[in-house]
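Listed here are the chains, written in short residue letters.
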Amino acid sequence: MVGLLVFLAIIVFAINPILKNLLANVVKSRLAGNFDYSYLDLKVDLLSRSVSVKNVTWGFPKGDENYVESGRIESFEVRGISLLSLWKKGELRISSINFNTPELVTLIDTSNVDTPTSDFEQESFNFYALLQGNLNSLKIDNIQVNNGSARWIDPVTTNTLRFVSKANLQINAFELDSTIAAANNGWFRLGDVMLDAGSSEVYLPDSLHKIKCGPIKLSRSQAVLYMDSLCIVPLYSIAEMQAVHTHQVDRIDMKTDRIVVTGIDIDKMMLLGSLQIQCIDVKGVMLDAFRNKNLPIPPGQFVKLPQLWLRDAGFNIQIDTLKLVGKKIKYEELAKGSANAGHVFFDNVEMEIRGINIDSSQKTDSRFAMMNASGLIMGRSKISIEVKFDMSDANGRHWVKGHMGAFDLRILNQLFEPLAHVSVRSGKTQKLSFNMVLNDNESSGEILFLYDDLKMDKLKEDAGPNEDRELELISFIANTFVIKKSNPSGNKEARIGKVHFKRHKGRSIFNFWWKSVFTGIKPTVMSNEGNLRKR
């Protein structure tokens, strides 16, 4: 055998400085074409059949002033090399490989995300091709990475875009031969994988937020991923956001207590690039979203419906169940010309999604995904929503049903007064229910909104000498001639509002749902009944 076989035979028999130099020359000849590298000391021990190297540094590509990938390893050790198996079967067997305190640095060019950073990304990497022609098979009992860290850096700004620290990785029973490679797209088979990492961060492409994770634990044998916490952290305050971003954008501040992923198929994720999970359980969500409507909408902004984003993601996804329990979810909005933000919040949020199944080659192999969610609006009245997604529909068709019980409408003044400049003086709902069908373009459906004793007042927007009397007159006219006091009225049947709303494709799916519901509520409380039908 040549190349790798010569390299390994020298490792086993190198017991003096001459053979040690030969080994160094073999390493140099195999890496010289791709990497710049250096090391402080190389030792070979025939008795333990081991080789160790200290203070290894490398850079790729060779000779470049700015390495795309670079790093260092405090020490690298290979133990238990089986010469007999290598000699008789062409099989390389190793007891253990240890990497101590490795540090990896990778440059990411954010100016053109479609351009690969290296030639390796331009085609599917075949691990077996590195061994083919030199060895029949490779078997390693244990691979250990101790206290590893990695950073991904923007080469222009030198800012760290993401990092992982204090990572410990253990891989047991690594095997690779022609049969295994054929079954795994040229890759290998593993007995177990265990990851224990410290904190990590990822800066999002919008340059306004970062994702911050607490300790992470992963076990292939148990098929479990545990994340101590996950946060979306805004990089700027609400006041600073307008200075750094001149268009409307959602400022997100989110925290979770923990995330547990069970039934995760590590092999498919690592070797085939597909995501197969039994359950994702998210606990203790706290979310605060803010939007400033005084700013213009970004030109050309297009927000895909989530089911269409999954279909177009280009990889297979199967998630049997996603569960979320939230402590408080809040949305704030600063309306045009308003000094104060209006808000709505939900307590005790529970959500469950079942049947997410996307086949990238055929777009789907399971047609429907179901979502059920509930919470207390303004901490008072329970609202329940059921959503059915047609995952096979290229136009994003889905159905939304919802129900909310009795509550005092005045609790919504925190939303109405800053955003609509109206205040609910009195009014109680008995029932709100909606049934809609929506797609990427529009929505349709019906709203049943039953209420009593509704009175509303027009609030000040701009100061004026006779404004108070004018506002009183506007409120009187509205409550007398425009606003329907109750539904149903007297002995009449309840009014049912029709839903018809064209989607604003620069806004999220939640904005789409809310605006659709509002178009059905509005005609049930206004005197213009052109958009009503009798139940």
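Before reading further, recall that the structure is shown in the block above.
Reference entry: report on the structure contained in this document. (Residues numbered from 1 in each chain as written. Predicted model: local features only at pLDDT ≥ 70, side-chain atom pairs only at ≥ 80, totals over all residues. Heavy atoms only, no water.)

1. Let's talk about the overall build of the chain
- When you go through the chain residue by residue, the secondary structure sums to ten helices and 26 strands.
- Across the 535 residues of the chain, 41% fall into the buried class.
- Expressed as a percentage of contacts within the chain between residues at least 6 apart in sequence, the contacts between residues at least 24 apart total 61%.
- Surface exposure of the chain reaches about 28,600 Å², of which carbon and sulfur atoms provide 55%. (Helix = DSSP H or I, 4+ residues; strand = E, 2+ residues; numbered from the N terminus. Buried < 20%, exposed > 50% of the residue type's maximum accessible area, 1.4 Å probe, protein only. Contact = heavy atoms within 4.5 Å. Areas by Shrake-Rupley, 256 points an atom, 1.4 Å probe, with all protein chains shown as cover.)

2. Comments concerning the environment of Leu450
- Position of Leu450 relative to the elements: it lies in strand 24 (residues 442–458).
- Looking at Leu450, the relative accessible area reads 15%, which means it is buried.
- Residues Leu450 and Val525 lie 75 residues apart in sequence; the distance between their C-alpha atoms is 9.7 Å.

3. Quick look at the side chain of Ser433
- Mapped onto the elements of the fold, Ser433 is located in strand 23 (residues 422–438).
- The exposure class of Ser433 is buried, given its relative accessible area of 17%.
- Leave out the neighbours within four places in its chain, and Ser433 touches Gly402, His403, Glu446, Ile447 and Leu448.

4. Brief notes about the environment of Trp152
- Looking at where Trp152 falls in the secondary structure, it is placed in strand 6 (residues 137–153).
- Trp152 sits 45 residues away from Leu107 along the chain, and the two C-alpha atoms are 5.7 Å apart.
- When near neighbours in sequence (up to four residues on either side) are disregarded, Trp152 contacts Thr106, Ile108, Asn159, Thr160, Leu161, Arg162, Phe163 and Val164.

5. Describing helix 8 (residues 413–420)
- Among all positions in helix 8, only Asn413, Leu415 and Pro418 are buried.
- Turning to helix 8, the residues buried within the fold contact strand 18 (342–358) and strand 23.
- Following helix 8 by one or two positions, His421 has its phi on the positive side, about 55 degrees.

6. Here we look at the nonpolar core
- By size, the foremost hydrophobic cluster in this structure holds 64 residues, and its most contacted members are Ile280, Phe389, Ile447, Phe449, Leu454 and Trp513.
- Leaving out residues up to four positions away in the same chain, Trp513 has contacts with Met371, Val387, Phe389, His398, Val400, Met436 and Leu438.
- Of all hydrophobic cores here, the second largest spans 22 residues; its members include Val56, Ile73, Val78 and Val193. (Core = buried A, V, L, I, M, F, W, Y, C linked by side-chain atoms within 4.5 Å.)

7. A few points about the state of the cysteines
- A complete count under the given rule lists zero disulfides for this structure.
- Note on Cys213: no disulfide assigned, nearest cysteine sulfur contributed by Cys231 at a separation of 8.3 Å.
- The exposure class assigned to Cys231 is buried, which follows from its relative accessible area of 17%. (Disulfide = S-S within 2.5 Å.)

8. Focus: unusual backbone geometry
- Omega for the bond connecting Phe60 with Pro61 falls within 30 degrees of zero, at 0 degrees, which places this linkage in the cis form.
- In this fold, Pro61 is placed in the loop between strand 3 (50–60) and strand 4 (69–79).
- Omega for the bond connecting Asn487 with Pro488 falls within 30 degrees of zero, at 5 degrees, which places this linkage in the cis form.
- In this structure, Asn147 is a non-glycine residue whose phi angle is positive, near 55 degrees.
- Along the polypeptide, Asn147 turns up in strand 6.
- We classify Asn147 as partly exposed; its relative accessible area is 41%.
- Its identity is not glycine, yet Lys166 carries a phi of approximately 50 degrees, on the positive side.
- Here Lys166 lies in strand 7 (residues 160–177).
- With a relative accessible area of 59%, Lys166 lands in the exposed category.

9. Focus: the packing of aromatic side chains
- The final tally for this structure, using the stated rule, is eight aromatic pairs.
- Ring centres of Phe510 and Trp513 lie 5.5 Å apart, and the angle between their planes is 80 degrees; this geometry places the pair in the edge-to-face category. On the criterion of helical spacing, the pair formed by Phe510 and Trp513 is a turn pair, its members being three residues apart in helix 10 (residues 509–525).
- You can call Phe510 exposed: its relative accessible area is 57%.
- Residue class for Trp513 comes out buried when judged on its relative accessible area of 9%.
- Positioned above the aromatic ring of Phe345 is the side chain of Lys328, whose terminal nitrogen or guanidinium carbon lies 4.4 Å from the ring centre. (Phe/Tyr/Trp six-rings, centres within 6.5 Å; stacked < 30°, edge-to-face > 60°. Lys NZ or Arg CZ within 6 Å of the ring centre and 35° of its normal.)

10. A look at the pairing of strand 17 (residues 317–334)
- Where strand 16 (residues 275–292) lies against strand 17, 15 bridges are found, and the strand directions are parallel. Residue pairing across strands places Leu275 opposite Ile317, the latter belonging to strand 17.
- Between the parallel pair strand 16 and strand 17, the chain is carried across by helix 7 (residues 306–311), and the sense of this crossover is right-handed.
- Bridge count between strand 17 and strand 18: 15 bridges; the pairing is antiparallel. Counterpart to Gln318 in the pairing with strand 18 is Asn357. (Pairing = 2+ DSSP bridges. Right-handed = clockwise from strand over helix to strand, strands pointing away.)

11. Details of the pattern of salt bridges
- What the rule picks out here adds up to 21 salt bridges.
- Between Arg189 and Glu175 there is a salt bridge whose closest N-O contact spans 3.6 Å. Highlighted residues: Arg189 in the loop between helix 4 (178–183) and strand 8 (192–197) and Glu175 in strand 7, separated in sequence by 14 residues.
- Of the residues examined, Arg189 reaches a relative accessible area of 42% and is grouped as partly exposed.
- The exposure class of Glu175 is partly exposed, given its relative accessible area of 23%.
- A salt bridge links Asp390 to Arg367; its shortest N-O distance comes to 3.1 Å. In this pair, Asp390 sits in strand 20 (residues 381–390) while Arg367 sits in the loop between strand 18 and strand 19 (368–377), placing the two residues 23 residues apart along the sequence.
- Salt bridges sharing partners connect three or more residues here, namely Glu91, Arg93, Lys139, Glu175 and Arg189. (Salt bridge = Lys/Arg side-chain N within 4 Å of Asp/Glu carboxyl O.)

12. Section: helix 10
- Taking 1.5 Å of rise per residue, 17 residues should cover 24 Å, and helix 10 covers 25 Å from first to last C-alpha, within 8% of that figure.
- With respect to burial, helix 10 is a largely interior element, twelve of its 17 residues being buried.
- All buried positions along helix 10 are accounted for by Ile509, Asn511, Phe512, Trp513, Ser516, Val517, Thr519, Gly520, Ile521, Pro523, Thr524 and Val525. (Expected span 1.5 Å × (residues − 1).)

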